[in-house]
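# Remarks on the overall topology
Now for the letters of each chain:
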Amino acid sequence: MAETAQAERMEEKLMTWALAFLLINLLSFSLYGLDKWKAVHGCWRISERTLLLAALAGGFAGALTGMYFFHHKTRHKKFVYGVPLIGLLELAAAMLLVL
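Residues numbered from 1 in each chain as written. Predicted model: local features only at pLDDT ≥ 70, side-chain atom pairs only at ≥ 80, totals over all residues. Heavy atoms only, no water.

## Notes on the side chain of asparagine 25
- Looking at the element boundaries, asparagine 25 is found in helix α1 (residues 2–40).
- Once residues within four sequence positions are removed from consideration, asparagine 25 is found in contact with Gly58, Gly59, Phe60, Ala61 and Gly62. (Helix = DSSP H or I, 4+ residues; strand = E, 2+ residues; numbered from the N terminus. Contact = heavy atoms within 4.5 Å.)

Printed below as a string of structure tokens:
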């Protein structure tokens, strides 16, 4: 019985982390799309710092997808190399937590 309760708590934690990961990546993807729209329309832009922080907060997959889906920031070395590097570091940290 105790094993079942422990498994349920573990499953609940996993679902919470998965939902958080999904939301931060949707936010990150949306920020890149919104910034591209603002760039095209000459509006006040989202700072590069905010875009990179969204990736650093766990939204690297959304940031990377947004970069290439919207063709945005793909000429900036800071983003082309920085976002994948952030992703690799976050994946390495996640693997260390699991092991």
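## Comments concerning a nonpolar patch on the surface
- A cluster of nonpolar side chains, namely Leu19, Leu22, Leu23 and Leu26, defines an oily patch on the protein surface of about 380 Å² accessible area.
- Within the element layout of this structure, leucine 22 appears in helix α1. (Patch = residues over 30% accessible without salt bridge, like charges linked within 9 Å, V, L, I, M, F, W, Y side chains within 5 Å. Areas by Shrake-Rupley, 256 points an atom, 1.4 Å probe, with all protein chains shown as cover. Salt bridge = Lys/Arg side-chain N within 4 Å of Asp/Glu carboxyl O.)

## Comments concerning the environment of alanine 18
- Mapping alanine 18 onto the fold places it in helix α1.
- By relative accessible area, which is 40% here, alanine 18 ends up partly exposed.
- Through-space distance from the C-alpha of alanine 18 to that of glutamate 48 is 26 Å; in sequence the pair is 30 residues apart. (Buried < 20%, exposed > 50% of the residue type's maximum accessible area, 1.4 Å probe, protein only.)

## Remarks on the nonpolar core
- Membership of the largest hydrophobic core comes to 13 residues, with the highest contact counts inside it found for Tyr32, Leu51, Ala55, Phe79 and Val83.
- Sorting the residues of this core by element identifies α1, α2 (48–69) and α3 (77–98) as the ones contributing at least two each.
- Counting residues per element, this core draws most heavily on α2, at 7 residues.
- Every residue in contact with tyrosine 32, bar those within four places of it in the chain, is listed here: Leu51, Leu52, Ala63, Gly66, Met67, Phe70, His72, Lys73, Phe79 and Val83. (Core = buried A, V, L, I, M, F, W, Y, C linked by side-chain atoms within 4.5 Å.)

## A closer look at the confidence of the model for the chain
- Confidence in the prediction for the chain averages 94 pLDDT; 99% of positions are at 70 or higher.
- Per-residue pLDDT, averaged within each element of the chain, yields its smallest value for α1 (93) and its largest for α2 (97). (pLDDT = per-residue confidence, 0-100.)

## Points about the packing of aromatic side chains
- According to the stated counting rule, one finds 5 aromatic pairs in the structure shown.
- Here phenylalanine 69 and phenylalanine 70 contribute two aromatic rings whose centre-to-centre distance is 4.9 Å and whose plane-to-plane angle is 90 degrees, an arrangement assigned as edge-to-face.
- Judged by relative accessible area, which is 23%, phenylalanine 70 ranks as partly exposed.
- What links up through ring pairs into an aromatic cluster is the set Phe29, Phe69 and Phe70. (Phe/Tyr/Trp six-rings, centres within 6.5 Å; stacked < 30°, edge-to-face > 60°.)

## Overview of the pattern of salt bridges
- As enumerated under the stated definition, the model contains 3 salt bridges in all.
- Note that aspartate 35 and arginine 45 form a salt bridge whose closest N and O atoms lie 3.0 Å from each other. Placement of the pair is aspartate 35 in helix α1 and arginine 45 in the loop between α1 and α2, with a sequence separation of 10 residues.
- On the basis of relative accessibility, which here comes to 0%, the residue aspartate 35 falls in the buried class.
- Between lysine 78 and glutamate 48 there is a salt bridge whose closest N-O contact spans 2.9 Å. Of this pair, lysine 78 sits in helix α3 while glutamate 48 sits in helix α2, and the two are 30 residues apart along the sequence.
- On the basis of relative accessible area, lysine 78 is assigned to the partly exposed category, the value being 47%.
- Taking relative accessible area as the criterion, glutamate 48 reaches 26% and is therefore assigned partly exposed.
- Taken together, the shared-partner salt bridges connect Glu48, Lys73 and Lys78 into one network.

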